[in-house]
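Chains, contacts and geometry: an overview
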Amino acid sequence: MIDIQLLEKLNASTAQERLEALEAAVAGAKFPKANPAYINCHIHTIYSFSPYSPAAAVYAARAEGLCTAGIVDHDTTAGAEEFIAAGKIAGIPVTVGMEARVSMRDTPLSGVHTNNPDQAGVSYMTFQGIPHRNIARMNAFFQPLREARLERTRAMAGNINALLAGKGVALDFDRDVLPLTQFANGGAITERHLMCALARKLIDACGRGEALIDGVRGLGVALSEKQRAQLLRVDDPFYEYDLLGILKGAFIEKIYVPAMRECLTIREAAAFARENDAIACYAYLGDVTESVTGDKKAQKFEDEYLDTLFDVLEDCDIHAVTYMPTRNTPEQLARLRALCERHHMFQVSGEDINSPRQSFVIRAMENPEFANLIDATWRLIEHENGVRRIELRGGAQGAASEA
């Protein structure tokens, strides 16, 4: 974990200030030797939702011994240039991606939950290995989609106020939610921003401990023993994040407004990736028993119809999959990887970082079984830097090969 005072400097208000703080921090730091097994291609920053600026995320990755790190923010690449510059300062190679949701309409999966707990027929995907020359272009393309998402989130804030009328808790979207985001600087707004604002309002209204537990239950949220224990740890520095995770997992469904205008179709996403020479990846989640990040309840996702999903991906010209080895059972991973081989899918790995509780290290990468994911990371870096291109060919060949 980064020292709080250092984190404040690395999270300064401008990218220039943050990079200057990083230079000073690196000059006095004693980093561990980078472990060649430690890669993570799915690190969120303040440009979507995270306690880390791009500069802070790079410092944290280097301080934990990662040999490379990848930025993946929701609906935006606004933090990518800072991330790249930070990587050069800290002496760690980086890779650039973006996460987005796509509509599965006009496919056999249009009415079912894939990897999205909030909405059937909408799936999460990533664009990996984004060539640096296309960072600004991709961000500009997503600007109207970010605006649509902001208006939908504003509507959800209205739903919260309607649901909590008379309970002494109300959100002012422009005052309480928007300042938590980097929307004015090209960043995205997410449901986590909304739940963070609500968490702060609840803590202000109820305090911490038993009174807050009663307040959360008053929202119609059932707490597990683990969650109740979290809320009783009143001096925990991550208290707000724990409450946010509880609300994200159990309260969103009560106020959710379906995403429509802000989602490309899966075929449009595939075409968009091709036009920008990026790698479109389906983000496998798998049935969840206990969430690693604490913000997903036990739920079935795509495992029941995984074979159909791979057929759909191939039909829609998606030839890559990203997954998080720590999240899944050996049986889930064996089945997924076998399907990737059968359908000639390029495989990418990373575990999303959006909470200060999380380590940047994916210890599953120490297993030689996942050496292909480490190799894939270096190929992404070569691809986006114009050193060696990844060519994904669909159809019968379907294999990932270097051009």
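Described in the following lines is the structure provided in the data block. Keep in mind it's a predicted model, so treat the numbers as computed, not measured.

Description of the overall build of the protein
- Secondary structure assignment for the protein yields 15 helices and 10 strands.
- When its C-alpha atoms are laid out on the principal axes, the protein stretches across 60 × 55 × 40 Å.
- A buried classification covers 60% of the 403 residues belonging to the protein.
- Looking at the protein alone, contacts between residues at least 24 apart form 76% of all its contacts between residues at least 6 apart.

A closer look at the pairing of strand β2 (residues 66-74)
- Counting buried positions along β2 gives 9 out of 9 residues, so the element sits mostly inside the fold.
- With 4 bridges joining them, strand β1 (residues 35-43) and β2 adopt parallel strand pairing. Looking across to β2, one finds that Ile-39 is bridged to Thr-68.
- What joins β1 to β2 is helix α3 (residues 54-63), and the crossover it makes is right-handed.
- Of the pairings in the sheet, the one linking β2 to strand β3 (residues 94-103) comprises 6 bridges and is parallel in character. By the bridge assignment, Val-72 is partnered in β3 with Gly-97.

Remarks on the side chain of His-42
- One can find His-42 in strand β1.
- Polar side-chain contacts of His-42 include one of 3.0 Å to the side chain of Glu-99.
- If near-sequence neighbours (up to four positions away) are discounted, His-42 is found in contact with Gly-70, Val-72, Glu-99, Thr-126, Met-324, Gly-350, Glu-351, Asp-352 and Ile-353.

Quick word on the packing of α3 against helix α4 (residues 80-90)
- For the pair α3 and α4, the least separation of the axes is 8 Å and the interaxial angle reads 40 degrees. Two packed elements cross with a definite hand, and for α3 against α4 that hand is right-handed. Residues Pro-54, Ala-55, Ala-57, Val-58 and Arg-62 of α3 form the contact with α4, whose own contacting residues are Glu-82, Phe-83, Ala-86, Gly-87 and Ala-90.
- Counted by class, the contact of α3 with α4 contains 7 nonpolar, 1 polar and 2 charged residues.

Looking at unusual backbone geometry
- With a phi angle near 60 degrees, Asp-277 is a residue other than glycine that sits in the positive phi range.
- Along the chain, Asp-277 falls in the loop between α12 (266-275) and β6 (279-283).
- Here Asp-277 falls in the buried class, since its relative accessible area comes to 14%.
- For Asp-317, which is not glycine, the phi torsion reads 70 degrees and is therefore positive.
- Tracing the backbone through its elements, the reader meets Asp-317 in the loop between α13 (306-315) and β7 (320-323).
- Given a relative accessible area of 31%, Asp-317 falls into the partly exposed group.

Here's the deal with the pattern of salt bridges
- A complete count under the given rule lists 31 salt bridges for this structure.
- In this structure, the salt-bridge partner of Asp-242 is Arg-357, at a minimum N-O distance of 2.7 Å. One end of the pair, Asp-242, is in helix α10 (residues 239-250); the other, Arg-357, is in the loop between β8 (346-349) and α15 (371-384), with 115 residues separating them in the sequence.
- Classification of Arg-357 as partly exposed rests on a relative accessible area of 38%.
- When salt bridges with common partners are traced through the structure, they connect Asp-75, Arg-101, Arg-149, Arg-152, Glu-191 and Glu-262 into a single cluster.

Concerning the environment of Cys-67
- Within the secondary structure, Cys-67 sits in strand β2.
- Sequence-wise, Cys-67 and Asp-311 are 244 residues apart; in three dimensions their C-alpha atoms are separated by 35 Å.
- Excluding its chain neighbours within four sequence positions, the residues that come into contact with Cys-67 are Ala-34, Asn-35, Pro-36, Tyr-38, Ile-39, Ile-92, Pro-93 and Trp-378.

Some details on the state of the cysteines
- All told, the structure shown has 0 disulfides when counted by the stated rule.
- In this model Cys-263 remains outside any disulfide bridge; the closest cysteine sulfur is found in Cys-316, 15 Å from its own.

Some details on helix α5 (residues 135-163)
- Between its first and last C-alpha atoms α5 spans 40 Å; for 29 residues at 1.5 Å apiece the expected length is 42 Å, and the two agree.
- At Gln-143, α5 shows its maximal kink, close to 40 degrees; a proline, Pro-144, follows between one and four residues later.

Brief notes about the nonpolar core
- Counting residues in hydrophobic clusters, the biggest one holds 79 residues, and the most contacted among them are Ile-2, Tyr-52, Phe-127, Val-321 and Phe-360.
- Not counting residues up to four positions away in its chain, the partners in contact with Phe-360 are Asn-40, Ile-43, Tyr-52, Ala-57, Ala-60, Ala-61, Glu-64, Leu-66 and Ile-353.
- In this structure, Val-122, Ala-157, Phe-173 and Tyr-239 belong to the second largest nonpolar core, which totals 39 residues.

Observations concerning the pairing of β7
- Residue alternation in β7 divides its side chains into two sets, Ala-320 and Thr-322 and Val-321 and Tyr-323, and both sets are buried.
- Here β7 runs beside β8; their pairing, made up of 4 bridges, is parallel. Bridging across to β8, Val-321 finds its partner in Gln-347.
- In this view, the connection linking β7 to its parallel neighbour β8 by way of helix α14 (residues 330-342) has right-handed handedness.

What counts and how
- Residues numbered from 1 in each chain as written.
- Predicted model: local features only at pLDDT ≥ 70, side-chain atom pairs only at ≥ 80, totals over all residues.
- Heavy atoms only, no water.
- Helix = DSSP H or I, 4+ residues; strand = E, 2+ residues; numbered from the N terminus.
- Buried < 20%, exposed > 50% of the residue type's maximum accessible area, 1.4 Å probe, protein only.
- Contact = heavy atoms within 4.5 Å.
- Pairing = 2+ DSSP bridges.
- Right-handed = clockwise from strand over helix to strand, strands pointing away.
- Polar contact = N/O pair within 3.5 Å; in protein donor to acceptor, adjacent residues only side chain to side chain.
- Axes fitted to C-alpha atoms, helices over the stretch in contact; angles between N-to-C directions.
- Left-handed = near helix turned anticlockwise from the far one by under 90°.
- Nonpolar A, V, L, I, M, F, W, Y, C, P; charged D, E, K, R; others polar.
- Salt bridge = Lys/Arg side-chain N within 4 Å of Asp/Glu carboxyl O.
- Disulfide = S-S within 2.5 Å.
- Expected span 1.5 Å × (residues − 1).
- Bend = angle between axes of the 7 residues up to and from the residue.
- Core = buried A, V, L, I, M, F, W, Y, C linked by side-chain atoms within 4.5 Å.

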